[in-house]
Amino acid sequence: MIGDIRETKECQLKDPMDLFHSGQVVKICAPMVRYSKLAFRTLVRKYSCDLCYTPMIVAADFVRSSKARDSEFTTNKGDHPLIVQFAAKEAQVLCDAARIVCPFADGIDLNCGCPQRWAISEGYGACLINKPELVKDMVRHVRSQIDNPKFSVSIKIRIHEDLKRTVDLCQKAEAAGVSWITVHGRSIEERHQPVHYDAIKIIKQSMSIPIVANGDIKTLKDAENVHHLTEADGIMVARGLLANPAMFAGYEETPFQCIQDWVDIALEHGTPFTCFHHHLMYMMERITSKQEKKVFNVLSSTSAVLDYLNNHYGV
């Protein structure tokens, strides 16, 4: 990581807020555990993705352990604008983590949306939507302790059953200086239920800062529809980009050039085999038959995958 980070110092960090002032809907790659790492971010940026997030990093571990920093956070000079997402429950710990990444990233995001049991039991993620004063305090602390005025501080939330509570949370965060808010339009309990895009629209109409819509966006057409339904300033996509990293460039399914690009980028970055293979399984989901999947999904080495792609697709 250190080599990569040194390289970043030579580059010009960007102001993510410029994207929201551009008049265009901002196209965003979501924070995804294991998946939204540097190699994948490099790929989606080639295909019209405007802004990328790191996977969620536990701030306390990141601050405490150089080993955690080296394994969790890697970037390079082309990886901008970049938002580092943290799980945190104490203002000073979040500030300390923000200070470490500030020279190498363009902003941080506080995760207030992860519904996983481990996160909630530790006081992280979606349980924070029930602690608006704590969220406000954390945002305010980072704002006051980071000198760079262009460094963004955002939050990603889920919604309450009673939407008034969500609007109250968002307004408190706005008062504390939050740059924008990403709203996943489901409650903590909801997993595969329809996304409440109407709720995102109400939040958008109640705020004067940018709002990003998130949830069940699989294609560029979906992104356009959600923008139309919610009036959101940005669209954040997770699974849709895993299945088709070229989605934001208007491709209906992963083009072979994108698969070729992934192979080149992943090999260049030394991506571990499991991650390399899983990304390809997602990308090829819509373009391979059941029989092909049976063969491809059990391949167990990089060379076997490369031979398969070459023999079947000329990649």
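Residues numbered from 1 in each chain as written. Predicted model: local features only at pLDDT ≥ 70, side-chain atom pairs only at ≥ 80, totals over all residues. Heavy atoms only, no water.

- The protein chain appears in an unreviewed UniProt entry as tRNA-dihydrouridine(20a/20b) synthase [NAD(P)+]-like from Rhipidura dahli.
- Turning to the protein chain, the UniProt annotation filed under Cofactor (unreviewed entry) states: "FMN".
- The annotation that UniProt attaches to the protein chain under Sequence similarities (unreviewed entry) is "Belongs to the Dus family. Dus4 subfamily." (UniProt positions renumbered as here; feature names shortened; annotations may be inferred.)

1. Points about the confidence of the model for the protein chain
Reading fine detail from the predicted coordinates is not recommended where pLDDT is low.
Thinking step 1. Confidence along the protein chain averages 95 in pLDDT terms, with 96% of residues attaining 70 or more.
Thinking step 2. Note on residues 1–10: pLDDT is under 50 here. Beyond four places in sequence and across chains, it has 20 contacts. (pLDDT = per-residue confidence, 0-100. Contact = heavy atoms within 4.5 Å.)

2. Points about the nonpolar core
Thinking step 1. Core analysis: the biggest nonpolar cluster contains 91 residues, and Phe86, Ile155, Ile181 and Leu280 have the highest contact counts within it.
Thinking step 2. In terms of residues, this core owes the most to one element, helix α6 (residues 91–101), which gives 7 residues.
Thinking step 3. Formed jointly, this core draws a minimum of three residues from each of two domains, domain 1 (16–249) and domain 2 (256–313).
Thinking step 4. Residues in contact with isoleucine 155, not counting those within four places in the same chain, are Asp109, Leu110, Cys112, Val135, Val139, Ala173, Val178, Trp180, Ile181 and Thr182.
Thinking step 5. In terms of nonpolar packing, the next biggest core, distinct from the first, is built from 11 residues, Phe20, Val26, Leu51 and Trp180 among them. (Core = buried A, V, L, I, M, F, W, Y, C linked by side-chain atoms within 4.5 Å. Buried < 20%, exposed > 50% of the residue type's maximum accessible area, 1.4 Å probe, protein only. Helix = DSSP H or I, 4+ residues; strand = E, 2+ residues; numbered from the N terminus. Domains from an automatic or database assignment.)

3. Some thoughts on the UniProt feature "active site" (unreviewed entry) in the protein chain
Thinking step 1. UniProt records the feature "active site" (unreviewed entry) for Cys114 in the present numbering.
Thinking step 2. Counting through the fold element by element, cysteine 114 comes out in the loop between β5 (107–112) and α7 (117–121).
Thinking step 3. Residue classification places cysteine 114 among the buried residues on the basis of a relative accessible area of 10%.

4. Some words on the packing of aromatic side chains
Thinking step 1. Counted by the stated rule, this structure contains 9 aromatic pairs.
Thinking step 2. Taking the centre distance of 6.4 Å and the plane angle of 75° together, the rings of phenylalanine 40 and tryptophan 262 count as edge-to-face. Taken together, the residues phenylalanine 40 in helix α3 (residues 38–46) and tryptophan 262 in helix α13 (residues 256–269) connect sequence positions 222 residues apart. Take phenylalanine 40 and tryptophan 262: they sit in the same class, and that class is buried. (Phe/Tyr/Trp six-rings, centres within 6.5 Å; stacked < 30°, edge-to-face > 60°.)

5. Focus on the pairing of strand β4 (residues 82–87)
Thinking step 1. Taking burial as the measure, the 6 residues of β4 include 6 buried ones, the bulk of the element.
Thinking step 2. With burial as the criterion, each face of β4 is covered, one bearing Leu82, Val84 and Phe86 and the other bearing Ile83, Gln85 and Ala87.
Thinking step 3. Of the strand pairs in this sheet, strand β2 (residues 51–53) and β4 are connected by 2 bridges, and their pairing is parallel. Note that in β4 the partner of tyrosine 53 across the bridge is isoleucine 83.
Thinking step 4. Two strands pair when backbone bridges link them, and strand β3 (residues 57–58) and β4 are joined in this way by 2 bridges, in the parallel orientation. Looking across to β4, one finds that isoleucine 57 is bridged to phenylalanine 86.
Thinking step 5. One ladder, built from 4 bridges, connects β4 with β5; its direction is parallel. If you follow glutamine 85 over to β5, its bridge partner there is aspartate 109. (Pairing = 2+ DSSP bridges.)

6. Here we look at the domain arrangement of the protein chain
Thinking step 1. You can read the domains of the protein chain as domain 1 (16–249) and domain 2 (256–313).
Thinking step 2. Computed over C-alpha atoms only, the centres of domain 1 and domain 2 are separated by 29 Å.
Thinking step 3. Opposite the 16 residues of domain 1 that make contact, domain 2 presents 13 residues.
Thinking step 4. With both chains or domains summed, domain 1 and domain 2 bury close to 1,300 Å², and 65% of this area falls on carbon and sulfur atoms.
Thinking step 5. Across the domain 1-domain 2 interface, the total number found is 0 salt bridges.
Thinking step 6. Inspection of the region where domain 1 meets domain 2 yields 4 residue pairs in polar contact (both at pLDDT 80 or more).
Thinking step 7. At the level of elements, α3 and α12 (239–243) are the ones that each hand at least two residues to the side of domain 1 that touches domain 2. (Buried area = accessible area lost by both parts, 1.4 Å probe. Salt bridge = Lys/Arg side-chain N within 4 Å of Asp/Glu carboxyl O. Polar contact = N/O pair within 3.5 Å; in protein donor to acceptor, adjacent residues only side chain to side chain.)

7. Quick word on the packing of α6 against helix α8 (residues 132–145)
Thinking step 1. At a minimum axis distance of 9 Å, the contact between α6 and α8 shows a crossing angle of 40°. As judged from the angle between their axes, α6 and α8 are oblique. In this structure, α6 crosses over α8, and the sense of that crossing is right-handed. Each of Ala91, Gln92, Leu94, Cys95, Ala98 and Arg99 in α6 lies in contact with α8, whose residues at this interface are Asp137, Met138, His141, Val142 and Gln145.
Thinking step 2. Across the contact of α6 with α8, the residue classes break down as 6 nonpolar, 3 polar and 2 charged. (Axes fitted to C-alpha atoms, helices over the stretch in contact; angles between N-to-C directions. Parallel < 35°, antiparallel > 145°, perpendicular 65-115°, else oblique. Left-handed = near helix turned anticlockwise from the far one by under 90°. Nonpolar A, V, L, I, M, F, W, Y, C, P; charged D, E, K, R; others polar.)

8. Here's the deal with the UniProt feature "binding site: FMN" (unreviewed entry) in the protein chain
Thinking step 1. Mapped onto this structure's residue numbering, the UniProt feature "binding site: FMN" (unreviewed entry) falls at Pro31, Met32, Val33, Gln85, His184, Ala238 and Arg239.
Thinking step 2. Along the chain, proline 31 falls in the loop between β1 (26–29) and α3.
Thinking step 3. Setting aside its immediate chain neighbours within four residues, proline 31 contacts Ser36, Tyr53, Thr54, Pro55, Met56, Gln85, Lys156 and Met236.
Thinking step 4. By the element assignment, arginine 239 lies in helix α12.

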